[in-house]
Amino acid sequence: EQASPCLATAGLSGALDAPVLLAKPDGMPDITLQEIKQLRPADVIVVGDESVVPAAAIESLTEACPSANVTRIQGGTPCSIANAIYDYSGAGADWGRTAVITYDGCTGDLISFSPLLFKERIPVFFVPELGVIDGRTRELLLSGAFDNLLVLGGEVHVREAFLQECREHGVRCERVC
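Residues numbered from 1 in each chain as written. Predicted model: local features only at pLDDT ≥ 70, side-chain atom pairs only at ≥ 80, totals over all residues. Heavy atoms only, no water.

K.L.:
Explain helix α7 (residues 160-168) here, please?
P.N.:
Each α-helix turn comprises 3.6 residues. Residues three or four places apart therefore point the same way. Within α7, burial applies to Phe162, Leu163 and Cys166. All buried residues of α7 project into a common sector of 100 degrees when viewed along the axis, lining one side. In this structure, α7 carries Ala161 and Glu168 as exposed residues pointing more than 90 degrees from its buried face. Close packing links the buried residues of α7 with α6 (135-141), β5 (148-152) and β6 (172-176). Positive backbone phi, at 85 degrees, marks glycine 170, one or two positions downstream of α7. (Buried < 20%, exposed > 50% of the residue type's maximum accessible area, 1.4 Å probe, protein only. Helix = DSSP H or I, 4+ residues; strand = E, 2+ residues; numbered from the N terminus. Arc of directions from axis to C-beta. Contact = heavy atoms within 4.5 Å.)

This is the structure we're talking about:
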């Protein structure tokens, strides 16, 4: 029921070549549990803290697939979840050289971009509030890990001054708005 964290997983899904299955605040949907039973995965990654995916959902997941190793990527906001997804990926994910930055609520654009996010293994980052880039996101985008930055949103969401800073670090920026 929270679109941004779900859409932030598209790049990780591509990087790990793993499907994204949805959870609900009150537990796992039957369709998700049926898919887990059929897939019988060795590992399951749960994205979001208990405010996003409650313990009851994890319990039903482990009942459906008791042999799976369940790992939780912590985070309660789109910004913290996106950063945690990228940080977690050091455990085997193969990210592309392009990143996306956007705002919570940019659902339509992220849905439109989701095939590209998956195919090109593109991580998605979120601003915590209009016009603000948090320290960890800034660090990651300026780290040299990315050659390209796609900005989904207007100047009010991601300021031009930040894009100029990215360009000075050799990152090509394109605003899609």
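K.L.:
Please clarify how the packing of helix α1 (residues 3-16) against helix α4 (residues 78-88) should be interpreted in this entry.
P.N.:
Helix-helix packing is described using two parameters, namely the angle between the two axes and the distance between the axes. Where α1 meets α4, the closest approach of the two axes is 9 Å, and the angle between their N-to-C directions is 10 degrees. As judged from the angle between their axes, α1 and α4 are roughly parallel. Here α1 contributes Ser4, Pro5, Ala8, Thr9, Leu12 and Leu16 to the contact with α4, which in turn contributes Pro78, Ile81, Ile85 and Tyr88. For the contact of α1 with α4, the per-class residue count stands at eight nonpolar, two polar and no charged. (Axes fitted to C-alpha atoms, helices over the stretch in contact; angles between N-to-C directions. Parallel < 35°, antiparallel > 145°, perpendicular 65-115°, else oblique. Nonpolar A, V, L, I, M, F, W, Y, C, P; charged D, E, K, R; others polar.)

K.L.:
How should the packing of helix α2 (residues 30-39) against helix α3 (residues 55-64) be read in this particular structure?
P.N.:
As a packed pair, α2 and α3 sit with axes 9 Å apart at the nearest point and diverge in direction by 35 degrees. For the crossing formed where α2 meets α3, the hand is right-handed. Residue-level contacts link Leu33, Ile36 and Lys37 of α2 to Ser60, Leu61 and Ala64 of α3. Taken together, the residues that form the contact of α2 with α3 break down as four nonpolar, one polar and one charged. (Left-handed = near helix turned anticlockwise from the far one by under 90°.)

K.L.:
What am I meant to see in the pattern of salt bridges here?
P.N.:
Should the charged atoms of two oppositely charged side chains come close, the side chains can pair. Under the defined criterion, the tally for this structure stands at nine salt bridges. The residue lysine 119 makes a salt bridge to glutamate 120 at a minimum N-O spacing of 3.6 Å. Three or more residues joined by partner-sharing salt bridges are found here, namely Glu155, Glu160, Arg167 and Arg175. (Salt bridge = Lys/Arg side-chain N within 4 Å of Asp/Glu carboxyl O.)

K.L.:
Which parts of the structure should I look at to understand the packing of aromatic side chains?
P.N.:
If you walk through the whole model with that rule in mind, you get four aromatic pairs. Through a chain of ring-to-ring contacts, the aromatic side chains of Tyr86, Trp95, Phe125 and Phe146 assemble into a single cluster. (Phe/Tyr/Trp six-rings, centres within 6.5 Å; stacked < 30°, edge-to-face > 60°.)

K.L.:
Hey, could you run me through the state of the cysteines in this one?
P.N.:
Disulfide: a covalent bond formed between the sulfur atoms of two cysteine residues. Counted by the stated rule, this structure contains zero disulfides. Sulfur of cysteine 6: no disulfide; nearest cysteine sulfur belongs to cysteine 106 and is 15 Å away. According to the relative accessible area criterion, cysteine 6 is partly exposed, its value standing at 32%. (Disulfide = S-S within 2.5 Å.)

K.L.:
Is there a simple way to think about the layout of surface pockets in this case?
P.N.:
The method is simple in principle: a probe with the dimensions of a water molecule rolls over the atoms, and the space it marks as empty is what remains. A volume near 780 Å³ is recorded for the largest pocket. The set of elements that each furnish at least two residues to the lining of the largest pocket consists of α1, α2, β1 (43-47) and β2 (69-73). For the lining of the largest pocket, the element with the highest residue contribution is α1, accounting for six residues. A breakdown of the residues in the lining of the largest pocket according to their chemical character gives 23 nonpolar, six polar and three charged. The volume enclosed by the second largest pocket comes to roughly 170 Å³. What lines the second largest pocket is Ala3, Cys6, Leu7, Thr9, Ala10, Ser13, Val20, Leu22, Thr107, Ile111, Ser114 and Phe118. (1 Å grid on protein atoms, 1.4 Å probe; cavity = no way out; pocket = protein on both sides within 12 Å on 5 of 7 lines; lining within 4 Å. Points joined across faces, edges and corners; volume = space filled by probe spheres on them.)

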